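# Chain and residue survey
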Amino acid sequence: MAGPADAKTEKRRWAKPPCFRYNLPVSSTPKIELRGVTKSFGDNHVLKGVDLDVGAGQSLVLIGPSASGKTLILKLILGLMRADGGQIRIDGEDVTGLIGKAREPYIRRMGMLFQQSALFDSQTVWENVAFRLLQDKGLTRAQAKALALDTLASVGMTPDVGELLPAEISGGMQKRVGFARAIASRPEIVLLDEPTAGLDPIMTNVINDLILDNVRQLGATAVSVTSDLEGARKTATDIAMIYDGKIAWRGPVASLDDSGNPYVDQFVHHRGDGPIQLAERAF
Ligand SMILES: Nc1ncnc2c1ncn2[C@@H]1O[C@H](COP(=O)(O)OP(=O)(O)O)[C@@H](O)[C@H]1O
Ligand SMILES: [Mg+2]
């Protein structure tokens, strides 16, 4: 029988953060670390030494002009591309040189929503969502389908939608399906590229709420790219601004309006004049 002493112990136990609760070593290792990362395409030197830490459970939103390398950073984290120089670490482990099979265990811990949703046209909605589950997890088709339908439900979609093809649903629904696919395998890291681009304001809100709820529920670490600053304010714990191949500013979302950084200021206040050149602006 649990006496008062047990109840007290229990209370104390739960008052402590998880690392103490389970006697795990206290770790300040970021979930994702980029150190001096460089990447060029011919003469186009896109990343010129990107330093970026994302702590476990943080939701970092990356902002910056068009073609500044935001999508590229997500692809380097995911391992779809290889950096020219610098280091990328996941949970403190150096993954910079790992490609193909060696990178797979890390890729399996991540889910990504691509800018154009990138759904497979010839597969049904549920098959799209279950894509990784069917490939990686050794589940039966029925189990994968059940998990996919569960995930679709968590983004507000009914099982009958699961049977449709991507071409049979709207752009907003495709984004939701893309997001469901990104979170279906319950990843530790969620990467989202322009999750609300091209959506109307109402659907933008719906998607941002889904991101907030689901990423929080997973306890995942998130890195998103967006031009939707209102969405960023809602879903981010931290903001980083990339400019001219480097992180020009990084801070908590609450500091966005008084960053003291002219690039961030111009971006946040949509000003035509400022250090960001017209040709580079993404807004
Ligand atoms: N596979 C590639 N081959 C050549 N150039 C690329 C490739 N991927 C990205 N780039 C270039 O890198 C720059 C950054 O691209 P990207 O990360 O997509 O920008 P954004 O910040 O808009 O997401 C762009 O100039 C783009 O043309
Ligand atoms: Mg992009």
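Details of the structure are given in the entry above.
For the structure given in this document, a descriptive report is provided here. Every value quoted in this text rests on a predicted model; they were computed, and no experiment measured them.

Cut-offs applied
- Residues numbered from 1 in each chain as written.
- Chains lettered and ligands numbered in written order.
- Predicted model: local features only at pLDDT ≥ 70, side-chain atom pairs only at ≥ 80, totals over all residues.
- Helix = DSSP H or I, 4+ residues; strand = E, 2+ residues; numbered from the N terminus.
- Near = placed C-beta within 6 Å.
- Nonpolar A, V, L, I, M, F, W, Y, C, P; charged D, E, K, R; others polar.
- Buried ≥ 20, exposed ≤ 12 C-beta atoms within 10 Å, placed from the backbone.
- Pairing = 2+ DSSP bridges.
- Contact = placed C-beta atoms within 7 Å.
- Axes fitted to C-alpha atoms, helices over the stretch in contact; angles between N-to-C directions.

Further remarks concern unusual backbone geometry. Here the phi dihedral of Ala67 falls at roughly 65°; this positive angle occurs in a residue that is not glycine. Checked against the element boundaries, Ala67 lands in the loop between strand S3 (59-63) and helix H3 (70-78). Within the chain, Asp91 stands out as a residue other than glycine whose phi angle is a positive 50°.

By nearness alone, every residue bordering ligand 1 is listed as Phe41, Asn44, Val46, Ser66, Ala67, Ser68, Gly69, Lys70, Thr71 and Leu72. For the shell around ligand 1, the elements supplying multiple residues, two or more each, are strand S2 (44-54) and H3. Per-element accounting of the shell around ligand 1 gives the leading share, 3 residues, to H3. Residues that form the shell around ligand 1 fall into these classes: 4 nonpolar, 5 polar and 1 charged.

Before going further, it helps to spend a moment on the environment of Met173. Tracing the backbone through its elements, the reader meets Met173 in helix H9 (residues 171-183). Residue class for Met173 comes out partly exposed when judged on the 19 C-beta atoms lying within 10 Å of it. For the pair formed by Met173 and Val155, sequence separation is 18 residues and the distance between their alpha carbons is 9.5 Å.

Below, the discussion takes up the environment of Glu230. As for its position among the elements, Glu230 is in helix H11 (residues 229-235). Note: C-alpha distance between Glu230 and Val268 (38 residues apart in sequence) is 9.9 Å.

Within H3, the full set of buried residues consists of Lys70, Leu72, Ile73, Leu74, Leu76 and Ile77. Two residues or fewer past H3, Gly79 is found with a positive phi of approximately 95°.

Strand order in the open sheet made by the 4 strands is S2-S1-S4-S5, with antiparallel pairing throughout. Every interior strand has two partners, whereas the edge strands, S2 and strand S5 (93-94), have only one. In the sheet, strand S4 (residues 85-90) pairs with S5 via 2 bridges, with the strands oriented antiparallel. Among the inter-strand pairings, Arg89 is bridged to a residue of S5, identified as Asp94. Across the sheet, H3 lies against strand S1 (32-41), S2 and S4, angled at about 120° from S1, the strand it touches most.

Any link to function would need more than the numbers given here.
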